[in-house]
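# Observations on chain architecture
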Amino acid sequence: MTLEIEQLTKQFQDFKAVNGLSFKADSGEIFGLIGQNGAGKTTTFRMILNLITPTDGIIRWDGRSVHALDRDMIGYLPEERGLYPKMPVREQLLFFGRLRGKGRSEIMKEADYWLERFGLTDKTKALTETLSKGNQQKVQLIASLIHKPSLLILDEPFSGLDPVNAGLLKEAILDLKNKGATIIFSSHRMDHVEELCDHLCLLKRGESLFTGSIHDLKAQFGKISLTVRGPFTVENLSELPGVVSVTKNKEMFRLLLSREEAARDIFKAVTRGEFIERFSLDYLSLEEIFKRKVGGEHV
Amino acid sequence: MSKFMVLFSQSYLSKLKAKSFLISTAIMLLVIAAVFLWPTVSGWFSSDDETLSVTVLDRTDAKAASLLKSSDRFKFTLFSGSVNQADQKVMNDRADGTLVLAQNNEGGLKAELRTDKAMKLNDQQALQQQLQTADQLFRIQQMNLTQAQAEQILSPHVTFNQTAIGDQSENKTSEEKTTATFISYGIAFFIYLFVLSYLSMISSEIAAEKDSRIMEIIISSSSPAVHLLSRVSGILALAFTQAVVLIGSSLLMAFFFEGGRHWHIVKDTLSTVPASYAIFAILFFVLACILYTLIGAVLGSLVNKVQDVGQAITPVTIILMVGFFVAITGMNNPDAILIQIFSFIPFTASMIMPMRIGATDMGIWQAAISLIVLLGTIVWLFLFSLRFYRGSVLTYTSGSFVKKLKQAMSLSR
């Protein structure tokens with residue numbers, strides 16, 4: 001089942017929150033929606049969720065209008081915690097599960113499975129407000145997937161999570177992907193996006209700067225990130241042809257090249273037939289690309 | 001179970017089981033019980049049951065002392081000695097006071113009460129009342145009237161009947177009107193209290209759901225309309241549950257407490273109040289609850305934080321207060337133009353129109369028009385809320401109320 005978005009636009013009075021956005025996310029795929037605050041991610045999610053009506057454009061689910069999509073097939077994790085603070089964890093999961101049309105016994109079975117998987121078995125009767133931020137986020141995630149949705153929308157799922165819990169959450173998301181769910185998520189953490197997403201859309205002020213696979217995005221810039229370790233100085237390396245900038249981090253020098261082809265000449269120049277400890281040519285990280293694309297000339 | 005039922009039962013049951021609801025209901029029941037048991041309860045804490053012994057020195061020529069009747073409260077003893085001797089009895093605690101009766105220049109009674117310490121206000125008032133009656137009898141006695149003549153003067157009854165000619169309005173007895181006035185005052189007070197507490201409850205509930213973003217999850221799995229309906233129905237069900245508990249308990253208390261000596265009030269009320277009045281009063285009460293619950297829901301959906309709810313509902317609270325105070329004013333003059341105007345305004349009609357129906361001879365068509373206007377307002381507000389709510393629950397704009405309204409309208413398109 002595929003989610004298709006074509007020329008999606010949302011205009012609020014004199015402000016265009018989303019402008020001509022198009023992308024496609026297939027079943028068993030994780031699609032990332034990346035952008036700064038106010039880029040239009042949440043507005044896009046709300047339009048997919050049918051909470052607000054698009055000014056223009058089409059949203060299709062499995063070839064049909066998204067309005068025809070059974071709401072019980074959608075899972076949604078909002079950016080901020082959406083839980084009843086005075087309600088015990090298990091009761092909370094039961095409420096959200098029933099709201100998605102599931103029966104009590106089915107929800108309880110799923111709840112027990114996920115609570116155990118996330119190490120929350122001893123918190124089932126605890127009031128949500130007494131849980132740590134990380135545990136609340138885990139409960140929130142369980143609430144969004146307890147009904148086994150076909151389309152899962154995760155708005156900043158990793159916020160407030162420590163590396164261990166972020167790892168648990170990543171595993172859970174990958175599990176759902178392997179079971180065939182279509183997952184769309186947004187995050188400010190580019191390492192998570194890089195690790196999880198197959199395709200992404202880079203948003204800036206409501207407009208798509210890039211839509212496609214992460215590999216294609218990186219290939220646009222080429223392999224221009226060079227890391228070397230050896231008996232060099234920043235000054236020496238900066239004078240080499242094709243080097244835009246050099247930064248030193250501990251024993252490592254990081255060179256940013258103007259183009260990928262310059263790397264061969266630099267290799268010859270820094271080795272001169274001698275042994276050096278490290279010469280590694282890579283694509284720019286997603287974070288660097290994000291800053292370049294979204295931050296523009298200021299970065 | 002439908003989504004509406006999931007949301008409705010969650011809203012209704014969570015509030016029904018809430019300590020705040022249980023405690024407030026229990027307090028209200030205690031207050032009602034205290035009202036029914038007041039004579040007994042007040043007796044436990046007061047020394048009113050002690051009979052005061054009063055020595056009476058009669059200085060009149062017409063045995064005025066015989067006009068004072070001893071009761072549970074006062075025991076009058078005629079004393080033929082001097083004032084000093086009587087005072088001595090008071091000082092020795094053999095009497096609570098000395099009452100010196102004499103005739104004044106106008107032919108009435110003149111009384112002087114001499115006590116060791118000041119008499120309590122309520123005892124003083126009771127004694128004054130007795131003396132006034134005695135004074136009246138004394139004056140009649142001085143006129144040398146026959147007993148029959150004296151009785152005629154003392155029991156003046158005017159027979160007053162009103163007949164409306166060429167008018168469709170009902171004619172009610174003054175007893176019916178007085179009963180209806182007091183019942184209507186009770187209804188207005190009930191509506192005021194109820195609406196005030198439930199208005200704040202629904203606004204807070206919706207604002208809290210919006211604030212915590214639960215709203216987004218709920219409306220993404222159902223719809224804004226289902227959410228609005230479930231919350232309004234949940235709160236109304238809770239309000240009616242409380243009303244049934246309070247009214248039911250009051251009836252049971254009237255029947256069982258103190259050997260059922262208050263039950264006659266219920267019977268008298270039921271026999272005095274016409275069925276049409278009862279139907280209209282119930283309809284106005286129910287519609288007032290619906291109207292204000294809807295307003296509360298819309299206001300709650302507009303604020304971003306629970307702590308802003310108080311500010312948002314203040315104008316509605318003021319409207320309610322105005323309605324209630326106009327209703328109080330109407331107790332003295334239910335036919336006043338001001339009362340008539342407010343009885344047609346949908347926001348105040350519920351508190352005022354029942355009084356006009358019961359306490360005036362207006363045509364029932366006026367009540368019907370007021371009810372239709374109220375119903376129309378509710379229908380309009382309901383349709384508006386359904387459309388508006390979709391946008392307002394997703395509006396997190398800070399700024400003026402008008403700005404929020406504009407953004408909510410824009411989002412709801």
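Predicted model only: the values in this text are computed from it and were never measured. (Residues numbered from 1 in each chain as written. Chains lettered and ligands numbered in written order. Predicted model: local features only at pLDDT ≥ 70, side-chain atom pairs only at ≥ 80, totals over all residues. Heavy atoms only, no water.)

## Examining a nonpolar patch on the surface
All names here are of chain B. A cluster of nonpolar side chains, contributed by Ile-319, Ile-337, Ile-341, Ile-345 and Phe-347, occupies part of the molecular surface with about 410 Å² of accessible area. Relative to the helices and strands, Ile-337 resides in helix H13 (residues 337–342). Note on Ile-337: relative accessible area 58%, which makes it exposed. (Patch = residues over 30% accessible without salt bridge, like charges linked within 9 Å, V, L, I, M, F, W, Y side chains within 5 Å. Areas by Shrake-Rupley, 256 points an atom, 1.4 Å probe, with all protein chains shown as cover. Salt bridge = Lys/Arg side-chain N within 4 Å of Asp/Glu carboxyl O. Helix = DSSP H or I, 4+ residues; strand = E, 2+ residues; numbered from the N terminus. Buried < 20%, exposed > 50% of the residue type's maximum accessible area, 1.4 Å probe, protein only.)

## Examining the packing of aromatic side chains
Applying the stated criterion across every chain, the model contains 25 aromatic pairs over all chains. Ring centres 6.1 Å apart and planes at 80 degrees place the aromatic pair A:Phe158 and A:Phe185 in the edge-to-face group. Taken together, the positions of A:Phe158 in the loop between strand S7 (151–155) and helix H5 (163–178) and A:Phe185 in strand S8 (residues 182–186) put the pair 27 residues apart, joining distant regions of the chain. Comparing A:Phe158 with A:Phe185 shows no difference in burial state: the two are buried. Ring centres of B:Phe194 and B:Phe285 lie 5.9 Å apart, and the angle between their planes is 65 degrees; on these two criteria the pair is classed as edge-to-face. You can see B:Phe194 sitting in helix H7 (residues 174–211) and its partner B:Phe285 sitting in helix H11 (residues 275–302), a full 91 residues away along the chain. Judged by relative accessible area, B:Phe194 falls into the buried class, the value being 4%. We classify B:Phe285 as buried; its relative accessible area is 12%. (Phe/Tyr/Trp six-rings, centres within 6.5 Å; stacked < 30°, edge-to-face > 60°.)

## Regarding unusual backbone geometry
A positive phi is found at A:Lys148, a non-glycine position, where the angle reads about 55 degrees. Its place among the elements puts A:Lys148 in the loop between helix H4 (133–145) and S7. Residue B:Asp93 is not a glycine yet carries a positive backbone phi of 60 degrees. Following the sequence through the fold, B:Asp93 ends up in the loop between helix H4 (83–91) and strand S3 (97–103). You can call B:Asp93 exposed: its relative accessible area is 65%.

## Here's the deal with the packing of helix H2 (residues 19–36) of chain B against helix H9 (residues 224–256) of chain B
Residue and element names in this part refer to chain B. Axis separation between H2 and H9 bottoms out at 10 Å; the angle between their running directions is 25 degrees. By the angle class used here, H2 and H9 are roughly parallel. Where H2 crosses over H9, the handedness of that crossing is right-handed. Counted together, Phe-21, Ser-24, Thr-25, Met-28, Leu-29, Ile-32, Ala-33 and Phe-36 of H2 and Leu-238, Gln-242, Val-245, Leu-246, Ser-249, Ser-250, Met-253 and Ala-254 of H9 form the full contact between these two elements. For the contact of H2 with H9, a count of residues per class yields eleven nonpolar, five polar and no charged. (Axes fitted to C-alpha atoms, helices over the stretch in contact; angles between N-to-C directions. Parallel < 35°, antiparallel > 145°, perpendicular 65-115°, else oblique. Left-handed = near helix turned anticlockwise from the far one by under 90°. Contact = heavy atoms within 4.5 Å. Nonpolar A, V, L, I, M, F, W, Y, C, P; charged D, E, K, R; others polar.)

## Section: the interface of chain A and chain B
For interface size, the figure often reported is the accessible area lost on association. Listed as interface residues are 25 residues of chain A and, on the opposing side, 24 residues of chain B. Taking both partners together, chain A and chain B bury about 2400 Å²; carbon and sulfur atoms supply 56% of that area. The tally of links between chain A and chain B comes to three salt bridges. Put simply, A:Arg46 and B:Glu216 hold a salt bridge, and the shortest N to O gap is 3.0 Å. Linking chain A with chain B are twelve residue pairs in polar contact (both at pLDDT 80 or more), by the criterion used here. (Buried area = accessible area lost by both parts, 1.4 Å probe. Polar contact = N/O pair within 3.5 Å; in protein donor to acceptor, adjacent residues only side chain to side chain.)

## A few points about the packing of helix H2 (residues 89–99) of chain A against helix H3 (residues 104–117) of chain A
Residues and elements named next belong to chain A. It is the contact of H2 with H3, at a shortest axis distance of 9 Å, that shows an interaxial angle of 130 degrees. Regarding the angle of H2 to H3, the classification is oblique. The hand of the H2/H3 crossing is right-handed. Residues Val-89, Arg-90, Leu-93, Leu-94, Gly-97 and Arg-98 of H2 touch H3, and the partners they reach there are Arg-104, Ile-107, Met-108, Ala-111, Asp-112 and Leu-115. Looking at the contact of H2 with H3 residue by residue, the class counts come to seven nonpolar, one polar and four charged.

## A closer look at the sheet that holds strand S1 (residues 52–58) of chain B
Strand pairing in a sheet takes place through backbone hydrogen bonds and is either antiparallel or parallel in direction. Residue and element names in this part refer to chain B. Spatially, S2-S1-S3-S4 is the arrangement adopted by the four strands of the open sheet, whose pairing is mixed. Because the sheet does not close on itself, it has two edges, and the strands there are strand S2 (74–78) and strand S4 (109–115). Neighbour-to-neighbour, the strand axes of this sheet turn through a mean angle of 25 degrees, independent of strand direction. Docked against the sheet, helix H5 (residues 121–142) engages S1, S2, S3 and S4, running at close to 50 degrees with respect to S2. (Pairing = 2+ DSSP bridges.)

## Section: the nonpolar core
Soluble globular proteins: nonpolar side chains tend toward being buried together. Residues A:Leu3 and A:Phe23 are the most contacted members of the largest nonpolar core, which totals 101 residues. If one sorts the elements of this core by residue count, H11(B) sits on top with 14 residues. Apart from the residues within four sequence positions on either side, A:Leu3 is in contact with A:Phe23, A:Lys24, A:Ala25, A:Ile48, A:Ile59, A:Arg60, A:Trp61, A:Leu151 and A:Ile184. (Core = buried A, V, L, I, M, F, W, Y, C linked by side-chain atoms within 4.5 Å.)

## Concerning H2(B)
All names here are of chain B. Compared with the 26 Å implied by 1.5 Å per residue over 18 residues, the 26 Å span of H2 between its first and last C-alpha is a close match. When we look at burial in H2, the residues that qualify are Phe-21, Thr-25, Ile-32, Ala-33 and Phe-36. Taken end-on, H2 shows its buried residues confined to a sector of 100 degrees, consistent with a single buried face. In H2, the exposed positions that point more than 90 degrees away from the buried face belong to Lys-19, Ser-20 and Leu-30. (Expected span 1.5 Å × (residues − 1). Arc of directions from axis to C-beta.)

## What to know about the domain arrangement of chain A
The domain boundaries assigned to chain A delineate domain 1 (3–218) and domain 2 (222–282). Taking the mean C-alpha position of each, domain 1 of chain A and domain 2 of chain A sit 41 Å from one another. (Domains from an automatic or database assignment.)

## Some thoughts on the pattern of salt bridges
Taken as a whole and judged by the stated rule, the model has 25 salt bridges over all chains. Across the salt bridge formed by A:Asp175 and A:Arg117, the nearest N and O atoms sit 2.6 Å from each other. With A:Asp175 in helix H5 and A:Arg117 in helix H3, this pair connects stretches of sequence that are 58 residues apart. The class of A:Asp175 is partly exposed, set by a relative accessible area of 26%. A salt bridge links B:Arg139 to B:Asp135, with the nearest nitrogen and oxygen atoms 3.0 Å apart. Of the two residues, B:Arg139 and B:Asp135 both sit in helix H5, four residues apart, roughly one turn of that helix. The exposure class of B:Arg139 is partly exposed, given its relative accessible area of 31%. Salt bridges linked by common partners bring A:Arg46, A:Glu80, B:Arg213 and B:Glu216 together as one network.

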